[in-house]
Amino acid sequence: MPSDMRSWEHVRSLCGSSSGELCVEQVIEGQLVLVRVVGELDSVTSGTLNATLVDAEAAVSPPAPVVVDLTGVSFLGVAGLSVLVDHHERCLALGSALLIVPGSRAVRRAMAVTGMHARLALIPAPR
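The structure displayed is predicted, hence computed values, not measured ones.

**Q** Would you take a moment to explain the overall build of the chain for this structure?
**A** Each helix and strand in the chain was counted, giving four helices and six strands. Reading the helices (α) and strands (β) of the chain from amino to carboxyl end gives β-β-β-α-β-α-β-α-α-β. Counting the 127 residues in the chain, one finds 39% classified as buried. Taking the intrachain contacts of the chain between residues at least 6 apart in sequence as the baseline, contacts between residues at least 24 apart amount to 60%. Accessible surface, the chain: about 6,800 Å² in total, of which carbon and sulfur atoms supply 55%.

And the structure:
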């Protein structure tokens, strides 16, 4: 088995027309909760991410983090940023952390323009 293949305990995906142009997958391995996001994160689709992050916070075992992988996000709007800031604060209150892999240039630019790159915990994508 290749080294990047893992045995996941739980995978939950939200994709399709009910979530607009967004696909969100929650993966739990041990204490780590990973949320992968693909598509456009805006006012129409941010509710899908919000619901998934609520579930992720319920599943995480602090001090383990919730990791949000935005490498598949092609657009990040203010509503998406708001969801990330809200859950960053919620995770801190739980004794955990919300770690964000920003990914694309569009996501990094949205975070830089709004100043959120300094407020949120950003981490590099795994190699």
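**Q** Explanation requested: the packing of helix H1 (residues 46-59) against helix H2 (residues 78-94) in the structure shown.
**A** Any two packed helices are characterised by how steeply their axes cross, that is the angle between the axes, and by the distance between the axes. Contact geometry for H1 and H2: axes closest at 9 Å, N-to-C directions at 10°. With respect to each other, H1 and H2 are oriented roughly parallel. Contacts between H1 and H2 involve Ser46, Leu49, Asn50, Leu53, Val54 and Glu57 on the former and, on the latter, Ala79, Gly80, Val83, Leu84, Asp86, His87, Arg90, Cys91 and Leu94. Here the contact of H1 with H2 is composed, by residue class, of eight nonpolar, four polar and three charged.

**Q** Can you walk me through the environment of Thr71 in this structure?
**A** Within the secondary structure layout, Thr71 lies in strand E4 (residues 66-76). Assessed through its relative accessible area of 41%, Thr71 is described here as partly exposed. Along the primary structure Thr71 and Val101 are separated by 30 residues, whereas in three dimensions their C-alpha atoms are 6.6 Å apart. In this structure, Thr71 is in contact with Val101, Pro102, Gly103 and Ala125, ignoring residues within four places of it in sequence.

**Q** Would you take a moment to explain the environment of Pro102 for this structure?
**A** If you trace the backbone, Pro102 turns up in the loop between strand E5 (98-101) and helix H3 (105-114). When its relative accessible area of 11% is taken as the criterion, Pro102 is described as buried. When the C-alpha positions of Pro102 and Pro124 are compared, they lie 7.5 Å apart, and in sequence the two are 22 residues distant. Residues in contact with Pro102, not counting those within four places in the same chain, are Leu70, Thr71, Val107, Arg108, Met111, Leu122 and Ile123.

**Q** Is there a simple way to explain the nonpolar core in this structure?
**A** A general tendency of soluble globular proteins is for nonpolar side chains to be buried together. Counting residues in hydrophobic clusters, the biggest one holds 29 residues, and the most contacted among them are Val35, Val37, Val66, Val68, Leu70, Leu84 and Met111. Those elements that provide at least two residues to this core are strand E2 (22-29), strand E3 (32-41), H1, E4, H2, E5 and H3.

**Q** So what exactly am I meant to see when it comes to the pattern of salt bridges here?
**A** Here the idea is simple: oppositely charged side chains can pair when their charged atoms come close. Following the criterion strictly, the structure yields three salt bridges and no others. Among the salt bridges present, the one from Arg36 reaches Glu25, with a minimum N-O distance of 2.6 Å. One end of the pair, Arg36, is in strand E3; the other, Glu25, is in strand E2, and 11 residues separate them in sequence. Looking at Arg36, the relative accessible area reads 28%, which means it is partly exposed. Between Arg90 and Glu57 there is a salt bridge whose closest N-O contact spans 2.8 Å. One end of the pair, Arg90, is in helix H2; the other, Glu57, is in helix H1, and 33 residues separate them in sequence.

About the thresholds
Residues numbered from 1 in each chain as written. Predicted model: local features only at pLDDT ≥ 70, side-chain atom pairs only at ≥ 80, totals over all residues. Heavy atoms only, no water. Helix = DSSP H or I, 4+ residues; strand = E, 2+ residues; numbered from the N terminus. Buried < 20%, exposed > 50% of the residue type's maximum accessible area, 1.4 Å probe, protein only. Contact = heavy atoms within 4.5 Å. Areas by Shrake-Rupley, 256 points an atom, 1.4 Å probe, with all protein chains shown as cover. Axes fitted to C-alpha atoms, helices over the stretch in contact; angles between N-to-C directions. Parallel < 35°, antiparallel > 145°, perpendicular 65-115°, else oblique. Nonpolar A, V, L, I, M, F, W, Y, C, P; charged D, E, K, R; others polar. Core = buried A, V, L, I, M, F, W, Y, C linked by side-chain atoms within 4.5 Å. Salt bridge = Lys/Arg side-chain N within 4 Å of Asp/Glu carboxyl O.

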